[in-house]
Structures are given as structure tokens and as C-alpha cells.
Amino acid sequence: MEQMRNTNTAEEELRAIRQSCEVRRRYALVQMLALLAMAAVVIAVALTLLPRANAALSQVEDVAEQLASVDLVGMAERMDALVVQSSESMDEAMAGLDAGLADLHRALDVVTGVDLESLNESIESLSAILEPLSRLFGKR
């Protein structure tokens, strides 16, 4: 009987070991499937993003080529020349404005220097002289 018990215990232990091995094998299989699924997802994402990344890289290269073809030094030199030319034009315009203002001041001095009373007297005298002449020629 004891031998039967030992046999039953040994069989139970053997069955427990087999079950444990089966569970471990299934667990390893699930891990393998999960790893394959993750690899498939990573590959799918990479294949989806790769063309977009390639297109973006191509655009970046185009922009870099365009920037490389720009003559920044020449552009800066032209801008400097334009600034100098503008400054010279402004200086000329200011000189002309100063000359115009000086002429205006001289004209104002002449106008303010006119003696209006003497001018009125001269006009009256001229009128007095022209009136008899106009009667003489019959214009009135």
C-alpha cells in the first residue's frame, strides 16, 4: 500500500510537473506571438512613415539648395549701395529745400520791405496822371 501511495504521489508530482511545463510552454508561445505582433506594428509604422520622412527630407534638401543659390553677400552689397544712394538723394533734396527756403525768406523780406503807403501814393499819382490822358484819348 505504501508503494501504491508512493506511486500515486509520484504520478501526481509528475502530472504537476507536466502541467507546469505545459503552462510555461504556452506562456513562452504567447510571449513569442506578442513579440511578433509588436514587430509587425513597428514595421508597418516604419513603412508608413518612411515615405513621408523621405518627402520631408527631399523638401528640406530643395530649400537648402535654394538657400545655397542665394547670393547673400551680393544682396548685402546692393542693399548698402541702395542705402548710400538714398542718403545722397536725401542730402540733395535737403540742399534744394534749404535753397528754396532761403529764396522764400528773401522774397518775404522784399514783400515786408515794401512801403505800402508810398505804393498807395504812387498808385494815386499814376491814376491822377492817367485820368486826363484817358479823357484826352476819349476812353471815358
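Reading guide: rules and limits
- Residues numbered from 1 in each chain as written.
- Predicted model: local features only at pLDDT ≥ 70, side-chain atom pairs only at ≥ 80, totals over all residues.
- Heavy atoms only, no water.
- Helix = DSSP H or I, 4+ residues; strand = E, 2+ residues; numbered from the N terminus.
- Rg over C-alpha atoms; globule rule 2.2 N^0.38 Å.
- Buried < 20%, exposed > 50% of the residue type's maximum accessible area, 1.4 Å probe, protein only.
- Areas by Shrake-Rupley, 256 points an atom, 1.4 Å probe, with all protein chains shown as cover.
- Lys, Arg positive; Asp, Glu negative; His and termini not counted.
- Charge placed at Lys NZ, Arg CZ, Asp CG, Glu CD.
- Patch = residues over 30% accessible without salt bridge, like charges linked within 9 Å, V, L, I, M, F, W, Y side chains within 5 Å.
- Salt bridge = Lys/Arg side-chain N within 4 Å of Asp/Glu carboxyl O.

Asker: Requested: an account of the overall build of the protein chain, with residues and values cited.
Answerer: Check the secondary structure of the protein chain and you find three helices and zero strands. Listing each helix as α and each strand as β along the protein chain from the N terminus yields α-α-α. What you see for the protein chain is a C-alpha radius of gyration of 56 Å, clearly larger than the 14 Å of a compact globule of 140 residues, by over 25%. Seen through its principal axes, the protein chain has C-alpha atoms that stretch 180 × 35 × 30 Å. Relative to its full complement of 140 residues, the protein chain shows a buried share of 1%. Accessible surface for the protein chain amounts to roughly 12,900 Å². Of this, 65% is attributable to carbon and sulfur atoms. Separation between the mean location of the 12 positive side-chain charges and that of the 22 negative ones in the protein chain comes to 24 Å.

Asker: Quick one: what's the story with a negative patch on the surface, residue by residue and with numbers?
Answerer: A cluster of acidic residues, Asp-115, Glu-117, Glu-121 and Glu-124, forms a negative patch at the surface. Assignment of secondary structure puts Glu-117 in helix H3 (residues 116-136). Residue classification places Glu-117 among the exposed positions, given a relative accessible area of 60%.

Asker: Explain the pattern of salt bridges residue by residue, including any values.
Answerer: Throughout the structure, instances matching the rule amount to three salt bridges. Here Asp-103 and Arg-106 are joined by a salt bridge, their closest N and O atoms 1.9 Å apart. With a gap of three residues between them, Asp-103 and Arg-106 both fall in helix H2 (residues 72-113), about one helical turn apart. Owing to a relative accessible area of 41%, Asp-103 belongs among the partly exposed residues under this scheme. Taken together, the shared-partner salt bridges connect Glu-22, Arg-25 and Arg-26 into one network.

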